[in-house]
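Chain by chain, the residues run as shown.
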Amino acid sequence: MATMSGGNAAGRHASWLELFFDLVVVAAVAQLAHRLHGAPSPADVGVFVLLYLAVWLAWSSFTLYANVAGDRTSQRSMLAAMAGIAVLAAAVPEATKQRVVVFVVAYVVVRALGARTMHRTGTNLTAWPTVQGLLGVVPWLASIWVDPPGRYVLWTVGVAIDLLLPLGARAEARVPRFAQRMIEAQAQREGRPVEDLAARVPKAATVDLAHLAERLGLFMIIVLGEAVLQVVATAAELPWTGRLVAVAGLGFVVLVGMWWHLFRYGLIASEGRSLPVSVAMPLHFVTTVSITAVAVGLGGIVAHPGHVSASAGWLLCGGVAGWFLAGALGGLPDPTNRRWLLAAGLPGVAVPILLAAFGRPLPGPAFTGVLVALMAWQWAYSTRHERRRGQPVPVG
């Protein structure tokens, strides 16, 4: 079971500006979801993930900046980043065609703005150095002059750099030995105390885990809301047959099941345990992209409840499997969760994959009902697991 508190009981909460920022980013997520409509190929899904990563990396840069800056958050920089992400969102439908240059340039500008804004805090965010590092945007810039599929290879290299860089990060900043020697040599040349020069070295930024947990949770709840909107919007345009009503209702139950477990166990910290930011952030991406896939898959099945298409089945089941996988990976550091991982986490990944591969002859209600049963099993096992450990079971 992954760990993250669903809110911030003490300390500061997300500001109205941060919430507004999240809504602009979710507009980009909605545009990304449209790229999966119809019958996307595996290559289309791969490009969707790369574009999603670009939007998410832009969002995470300013989310962590605002977390560190607190009351000193620059409203002007946040609004400028929102404008840049709005351009990203508008370019998404043609991001691999006529507007590829617009998308890439907007992404690079937002990332550069994030790095510059973070630098002004006078701290070094070692927990997620991607905010300040711009090495990962270089392949994106180079991709402007490269045609597909080479362009997508460069995008992959860029996001890989940004995701792998934090894995070697340290929780606290330490001046490297070679840098210490340079400071000592300069102090000796200038006849000044070493402490005077060392004081100029940026200190480690402190991440407010409770505030970050709230920001990640708010983003996920907004994406879940978009998933509900996907189901409602599709059902509103079609005649309400028995199968359509059944699929829509069961799909809503699947989303409720995801919400319940997500905000009970989450990603960052609860009950005195925590995940490193460098681990929690990628898991947050996996969770949000999985919810988006579930939304599109449910919309496709609601639109054709009598027959589950290959694309809708794989998107729905792949999204559910990815969501379970993120929860399982987040629970690995806690040894008390290992039995739960085998009993509930492993089936949560395996059952959806098997359903997508062999269950598509089932009509929509039966297909979606299998996932509802999976959610019910997870809920039942989790509550029983907590009672055995003497932990309170949430009722609301």
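Residues numbered from 1 in each chain as written. Predicted model: local features only at pLDDT ≥ 70, side-chain atom pairs only at ≥ 80, totals over all residues. Heavy atoms only, no water.

**Student:** So what's going on with the overall build of the chain? Which residues, and what values?
**Tutor:** Across its full length, the chain holds 14 helices and four strands. In the chain, which comprises 396 residues, the share counted as buried stands at 49%. Looking at the chain alone, contacts between residues at least 24 apart form 78% of all its contacts between residues at least 6 apart. Carbon and sulfur atoms make up 66% of the accessible area of the chain, which amounts to about 17900 Å² in all. (Helix = DSSP H or I, 4+ residues; strand = E, 2+ residues; numbered from the N terminus. Buried < 20%, exposed > 50% of the residue type's maximum accessible area, 1.4 Å probe, protein only. Contact = heavy atoms within 4.5 Å. Areas by Shrake-Rupley, 256 points an atom, 1.4 Å probe, with all protein chains shown as cover.)

**Student:** Break down the pattern of salt bridges for me, citing the residues and quoting the values.
**Tutor:** As enumerated under the stated definition, the model contains three salt bridges in all. The partner of glutamate 18 in a salt bridge is arginine 215, and the shortest N-O contact between them spans 2.9 Å. Here glutamate 18 is found in helix α1 (residues 16-34), whereas its partner arginine 215 is found in helix α9 (residues 209-236), with 197 residues between them in sequence. Note that aspartate 22 and arginine 215 form a salt bridge whose closest N and O atoms lie 2.7 Å from each other. (Salt bridge = Lys/Arg side-chain N within 4 Å of Asp/Glu carboxyl O.)

**Student:** Mind laying out the nonpolar core, listing which residues take part and the relevant values?
**Tutor:** If you look at the biggest cluster of nonpolar residues, it comprises 99 residues, and the most contacted ones within it are Phe21, Phe103 and Leu125. It is helix α2 (residues 42-69) that contributes the most residues to this core, 18 residues altogether. When sequence neighbours within four positions are dropped, the list of residues in contact with phenylalanine 103 reads Leu51, Ala54, Leu88, Ala91, Val92, Ala95 and Trp140. (Core = buried A, V, L, I, M, F, W, Y, C linked by side-chain atoms within 4.5 Å.)

**Student:** Outline unusual backbone geometry, listing residues and values.
**Tutor:** Across the junction of proline 148 and proline 149, the peptide omega takes the value 0°, indicating a cis bond. Within the secondary structure, proline 149 is located in the loop between α5 (138-142) and α6 (150-164).

**Student:** Give me the lowdown on helix α3 (residues 75-91), citing residues and values where you can.
**Tutor:** Here α3 spans 24 Å end to end across 17 residues, near enough to the 24 Å set by a 1.5 Å rise per residue. When we look at burial in α3, the residues that qualify are Ser77, Met78, Ala81, Met82, Gly84, Ile85, Leu88, Ala89 and Ala91. Its buried side turned inward, α3 meets α1, α2 and α4 (100-119). (Expected span 1.5 Å × (residues − 1).)

**Student:** Pulling in residues and values, what's your account of the packing of α1 against α2?
**Tutor:** Think of two packed helices as two axes; the pair is described by the angle between the axes and how far apart they sit. Remark: α1 packs on α2, axes separated minimally by 10 Å, with the N-to-C direction vectors making an angle of 175°. Taken together, the axes of α1 and α2 are roughly antiparallel relative to one another. Mapping the contact onto sequence places Glu18, Phe21, Asp22, Val25, Ala28, Val29, Leu32 and Ala33 in α1 and Phe48, Leu51, Tyr52, Val55, Trp59, Phe62 and Ala66 in α2. Its residues assigned to classes, the contact of α1 with α2 shows 13 nonpolar, no polar and two charged. (Axes fitted to C-alpha atoms, helices over the stretch in contact; angles between N-to-C directions. Parallel < 35°, antiparallel > 145°, perpendicular 65-115°, else oblique. Nonpolar A, V, L, I, M, F, W, Y, C, P; charged D, E, K, R; others polar.)

**Student:** For the environment of leucine 88, give the residues involved together with the corresponding values.
**Tutor:** Structurally, leucine 88 is set in helix α3. Given the relative accessible area of 0%, leucine 88 is considered buried. Along the chain, leucine 88 and leucine 51 lie 37 residues apart, while their C-alpha atoms are 9.5 Å from each other. Those residues within four positions of leucine 88 in sequence are excluded, and the remaining contacts are Phe103, Ala106 and Tyr107.

**Student:** Could you give an account of helix α11 (residues 277-303), naming the residues involved and the relevant values?
**Tutor:** Taking 1.5 Å as the rise per residue, α11 with 27 residues should run 39 Å; its terminal C-alpha atoms sit 39 Å apart, in good agreement. Where burial is concerned, most of α11 is hidden: 22 out of the 27 residues are buried.

**Student:** Requested: an account of the confidence of the model for the chain, with residues and values cited.
**Tutor:** Atom-level detail of predicted coordinates should not be read off regions where pLDDT is low. Looking at the chain, pLDDT values average 83 and 79% of them are 70 or higher. Element-level mean pLDDT values for the chain span from 44 in strand β3 (residues 269-270) up to 96 in α5. In the predicted structure, residues 1-9 sits below a pLDDT of 50 and forms 47 contacts with residues beyond four places in sequence or in another chain. Predicted confidence for residues 392-396 stays below pLDDT 50, and this span has eight contacts to residues more than four positions away or in other chains. (pLDDT = per-residue confidence, 0-100.)

**Student:** I'd love a proper account of the packing of aromatic side chains, names of residues and values included.
**Tutor:** Applying the stated criterion to the full structure yields 13 aromatic pairs. Seen from their ring centres, phenylalanine 48 and tyrosine 52 are 5.5 Å apart, and the 80° between their planes marks the pair as edge-to-face. A residue pair is termed a helical-turn pair when its members lie 3 or 4 positions apart in one helix, as phenylalanine 48 and tyrosine 52 do in helix α2 at four residues. A relative accessible area of 3% places phenylalanine 48 in the buried class. Both rings, one in tyrosine 52 and one in phenylalanine 285, keep their centres 5.7 Å apart while their planes meet at 75°; by these two values the pair is edge-to-face. Linking tyrosine 52 in helix α2 with phenylalanine 285 in helix α11, this pair joins segments that are 233 residues apart in sequence. The exposure classification of tyrosine 52 matches that of phenylalanine 285, with both residues buried. Taken together through their ring pairs, the aromatic side chains of Phe48, Tyr52, Trp56, Trp128 and Phe285 make up a single cluster. (Phe/Tyr/Trp six-rings, centres within 6.5 Å; stacked < 30°, edge-to-face > 60°.)

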